[in-house]
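# Notes for the structure review
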Amino acid sequence: MKILVSDPLSSEGLQKLEEDAWVDVRTDQSEEELEKIIGDYDALFVRSGTKVTSSLIEKGEKLQVIGRAGVGVDNIDVDKATEKGIMVINAPEGNTISTAEHTIAMMAALSRNIPAASNSVKQGNWDRKKYTGVELNRKTLGLFGFGRIGSEVARRARAMGMKIMIHDPFASKERAQKLGVEPVSKEELLQKADFISLHMPKNKSTHHFIGKEELNMVKPEVRIINCARGGLIDEAALAEAIKDGRVAGAALDVFEEEPLGESPLRELDNVVLTPHLAASTEEAQVNVAVQVAEQGLKALQGEPVVSAVNVPSLPPEVLNEVKPYLPLMRVLGSFYPQVYGGTIKEIEVRYSGEIADKPSAPLTTSCLIGMLQVIIGDEVNYVNAPYIAKSRGINIRETTSRTIENYASLITLTVKGEEETRSIAGTLFNENDIRIVRIGDYSIDASPSRYMLVCSYIDRPGIIGKMGTLLGNEDINIASMQVGREFIGGEAVMVLQVDDLIPHDLQQKVKVLDGIVDTRFVELQGKDLRNPRGKMEV
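Residues numbered from 1 in each chain as written. Predicted model: local features only at pLDDT ≥ 70, side-chain atom pairs only at ≥ 80, totals over all residues. Heavy atoms only, no water.

### A closer look at the sheet that holds strand S20 (residues 478-485)
Condition: A strand pair is defined by DSSP finding two or more bridges across the two strands. Numbering of helices and strands runs from the N terminus; a helix is a DSSP stretch of H or I covering at least four residues, while a strand is a stretch of E covering at least two. Simply put, an axis is a line fit to the C-alpha atoms, just over the touching stretch for a helix, and the angle between two N-to-C directions goes from 0 to 180 degrees. Should any heavy atoms of two residues lie within 4.5 Å, those residues are considered in contact.
With antiparallel pairing, 4 strands are arranged side by side in an open sheet as S20-S21-S19-S22. Each end of this open sheet is capped by a strand with a single partner; those strands are S20 and strand S22 (516-523). Shown here is a sheet whose adjacent strand axes are inclined to one another by a mean of 15°, direction ignored. Here 7 bridges tie strand S19 (residues 451-458) to S22, and the two strands are oriented antiparallel to one another. Considered in S22, the bridge of Tyr-457 is made with Ile-516. Across the face of the sheet, helix H18 (residues 504-511) comes into contact with S19 and S22 while running at roughly 150° to S22.

Encoded structure:
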């Protein structure tokens, strides 16, 4: 096997590759030069410097694997790689400790005013009173997100005598108890934390997760740290809150636009800024290089890997049997957490009817991908979805039944949380017509779309009309609507397919409509949805 390394990789990573392959290191090549030589290689390993474009991938006629020594794959055209059957792998765990330590370092520097005090001394001053800080001991640290990095931060903060509160709807009570942290609501964390640190993915639902509204809820002595993703915090609102004395300070390693340009944050002494350094340690660079090398060699040798970013190939005979059902499974998986939320302890997938005789493993994995992508982001795929579910303490069960009424095949997803067990069900008509046919106790016949509003309401005259009027007045077009109920006058459910994203403030207006019990906005991604003309995209 021939491997091209086009960005600097640690010697440990190169040695690992050289154990089983011929390695060519060329770190000074232009994109045009890479395109001329890439056709000779079975694998390409990069960091963030090389742009692995569609054109470069097209010319990699022998490429089987693209390895990224790091987490982000923004510099790789993953869709083109998938189209060409090339596995893209990364190293998501290699910088966990480095990022956790950087978070602690930023928190300590902020609490003791170290950067500002250092600059003052270098300028010839000696002002001890001005830079009096606060201890971390006995302070409350609030963590938004409790995955790999969040849990490592919690371990270190506890050793420093801090009390830990977390907000992560998908973290189980058992895991929180084991690590000595207290799960709380978003509002409670904002109101009680002395320090707040973010450890969550960046997506549409987490963009400006902390904005003006949230900053008005915090203690005036709160200090905020973000070493996760730029855009989780409204930086302008944060700067204003610090100037007004509503926030004591902030320490940021990531920014909405990088490199950081003109920003009011630069002018504030009680703000610590670093240039995206969380993963920049010698050890982390070794870890990510070794991890991606190990996983890349396994992929080239046809062995299972746990850090693939895109979809690996399934055996053709298996794929042909289950392919029509894969989009349905992803829709069910994505739909459930957006409608119900909450902790997930156990997932049971029941296959009834004709589907019971088909291979279930790729179907269940597809469901997990849809569900976990809502929870932790886009890095979930067919290879690592079961591993991630297991690492989060989620038990997976599959059951089958060859008998079913009303449908040729029916797939029921039942999820057990901390206190409640809920279910949804779906089926497939004519191999490409996805239907959600049950939500909780209600029978329904809903075709999923990109944007949906799912509401529980009291079944009485005028409720649906009020909903339509409100959305119409806000210029939101309803493409279609379905309702389900158990009996007249009781609680019912409605599913509205709408043409546009419903803004947060409009969602709040819907929630307070007379007769509305609860409402959830659902956004589905991917090509397994209907396009505006109603035709299924494949």
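Here the narrative resumes, following the displayed structure.
### Some words on the side chain of Glu-214
Formally: What qualifies as a polar contact is a pair of N or O atoms within 3.5 Å, subject to a donor-acceptor requirement within protein and to the restriction that residues adjacent in sequence count only when both atoms come from side chains.
Inspection of the secondary structure puts Glu-214 in helix H10 (residues 212-215). Within the local environment of Glu-214, its side chain forms a polar contact with the side chain of Lys-186, the two groups lying 3.1 Å apart. A polar contact is formed between the side chain of Glu-214 and the backbone nitrogen of Gly-211, at a distance of 2.9 Å. Among all residues touching Glu-214, those that are not within four sequence positions of it are Lys-186, Leu-190 and Phe-209.

### Looking at the confidence of the model for the protein chain
Operational definition: Residue-level confidence of the predictor is what pLDDT reports, using numbers from 0 through 100.
Scored by pLDDT, the protein chain has a mean of 90; 95% of the residues are at 70 or more. Counting interchain partners and residues more than four positions distant, the pLDDT-below-50 stretch residues 530-538 has 15 contacts.

### Here's the deal with the nonpolar core
Filter applied, for reference: Take the buried residues of types Ala, Val, Leu, Ile, Met, Phe, Trp, Tyr and Cys, join any two whose side-chain atoms come within 4.5 Å, and each joined set is a nonpolar core. Each residue gets one of three labels from its accessible area relative to the maximum for its type: buried under 20%, exposed over 50%, partly exposed in between, using a 1.4 Å probe on protein chains only.
Core analysis: the largest hydrophobic core is formed by 47 residues, its most contacted members being Phe-335, Ile-347, Ile-411 and Leu-413. Here the element with the most residues in this core is helix H14 (residues 326-340); it accounts for 9 residues. Setting aside its immediate chain neighbours within four residues, Phe-335 contacts Ile-424, Ile-436, Ile-439, Met-452, Val-454, Val-522 and Leu-524. Ile-196, Val-222, Ile-242 and Val-247 belong to the second largest nonpolar core, which has 31 residues in total.

### Some points on the pattern of salt bridges
Note the cut-off: Any Lys or Arg side-chain nitrogen located within 4 Å of an Asp or Glu carboxyl oxygen qualifies as a salt bridge.
This model, assessed by the stated rule, comprises 27 salt bridges. Among the salt bridges present, the one from Lys-186 reaches Glu-214, with a minimum N-O distance of 3.1 Å. One end of the pair, Lys-186, is in helix H9 (residues 186-192); the other, Glu-214, is in helix H10, with 28 residues separating them in the sequence. Since its relative accessible area comes to 17%, Lys-186 is described here as buried. When its relative accessible area of 12% is taken as the criterion, Glu-214 is described as buried. Among the ionic pairs, Glu-188 bridges to Lys-192, the shortest N-O distance being 2.9 Å. Pair noted here: Glu-188 and Lys-192 are both in helix H9, with a separation of 4 residues, about one helical turn. The class for Glu-188 is partly exposed, based on a relative accessible area of 23%. Through salt bridges with shared partners, a single network forms among Lys-16, Glu-19 and Glu-294.

### Regarding helix H1 (residues 11-18)
In plain terms, the rule: For this quantity, the arc is that covered by the directions from the helix axis to the C-beta atoms.
Listing the buried residues of H1 in full gives Gly-13, Leu-14 and Leu-17. Along the long axis of H1, the arc covered by the buried residues comes to 100°, so they all point the same way. Residues of H1 that are buried sit in contact with strand S1 (2-5), strand S2 (22-25), strand S3 (43-46) and helix H12 (282-300).

### Overview of a negative patch on the surface
Cut-off, in case you're wondering: In this analysis, a patch consists of residues with relative accessible area above 30% that form no salt bridge, clustered at 9 Å for like charges and at 5 Å for the nonpolar side chains Val, Leu, Ile, Met, Phe, Trp and Tyr. Here the accessible surface of atoms and residues is derived via Shrake-Rupley with a 1.4 Å probe, and residues count as covered only by protein chains that are part of the display. Counted charges follow a simple rule, with Lys and Arg positive, Asp and Glu negative, and His plus the chain ends left uncounted. The atom standing in for a charge is NZ when the residue is Lys, CZ when it is Arg, CG when it is Asp and CD when it is Glu.
Taken together, the side chains of Asp-28, Glu-31, Glu-32 and Glu-33 make up a negatively charged region of the molecular surface. By the secondary structure assignment, Glu-32 is in helix H2 (residues 31-37). Residue classification places Glu-32 among the exposed residues on the basis of a relative accessible area of 53%.

### Notes on the pairing of strand S21 (residues 491-498)
Counting buried positions over the 8 residues of S21 gives 7, a clear majority of the element. Taken together, the 8 bridges between S19 and S21 define a ladder with antiparallel strand orientation. In the sheet register, Leu-453 faces S21, and the bridge partner there is Leu-496. Bridge count for S20 against S21 is 7 bridges, and the pairing is antiparallel. In the sheet register, Ile-478 faces S21, and the bridge partner there is Val-498. In sequence, S20 turns back onto S21 through a hairpin of 5 residues, with Gly-489 there showing a positive phi of about 85°.

### Digging into the side chain of Ser-197
Its location among the elements puts Ser-197 in strand S9 (residues 195-198). In this structure, Ser-197 is in contact with Thr-103, Leu-141, Gly-142, Leu-143, Phe-144 and Ile-225, ignoring residues within four places of it in sequence.

### So, the packing of H1 against H12
Put simply, the rule is: The cut-offs work like this: below 35 degrees is roughly parallel, past 145 is roughly antiparallel, 65 to 115 is roughly perpendicular, and the gaps in between are oblique. Two helices cross in a left-handed way if the nearer one is turned anticlockwise from the farther one by less than a right angle. They cross in a right-handed way if the turn is clockwise. All amino acids are sorted into three groups, where Ala, Val, Leu, Ile, Met, Phe, Trp, Tyr, Cys and Pro are nonpolar, Asp, Glu, Lys and Arg are charged, and the leftover types, Gly among them, are polar.
Running from N to C, H1 and H12 cross one another at 15°; their axes reach a closest spacing of 7 Å. Classed by the angle they form, the pair H1 and H12 counts as roughly parallel. As for the relative orientation of H1 and H12, their crossing is right-handed in sense. From H1, Glu-12, Gly-13, Lys-16 and Leu-17 reach across to H12, where they touch Val-286, Ala-289, Val-290, Ala-293, Glu-294 and Leu-297. Counted by class, the contact of H1 with H12 contains 6 nonpolar, 1 polar and 3 charged residues.

### What about unusual backbone geometry?
Cis peptide bonds are those with omega within 30 degrees of zero, and the linkage from Glu-258 to Pro-259 qualifies with 0°. Its place among the elements puts Pro-259 in the loop between strand S11 (249-252) and strand S12 (271-273). Within the chain, His-276 stands out as a residue other than glycine whose phi angle is a positive 55°. Classification of His-276 as partly exposed rests on a relative accessible area of 40%.

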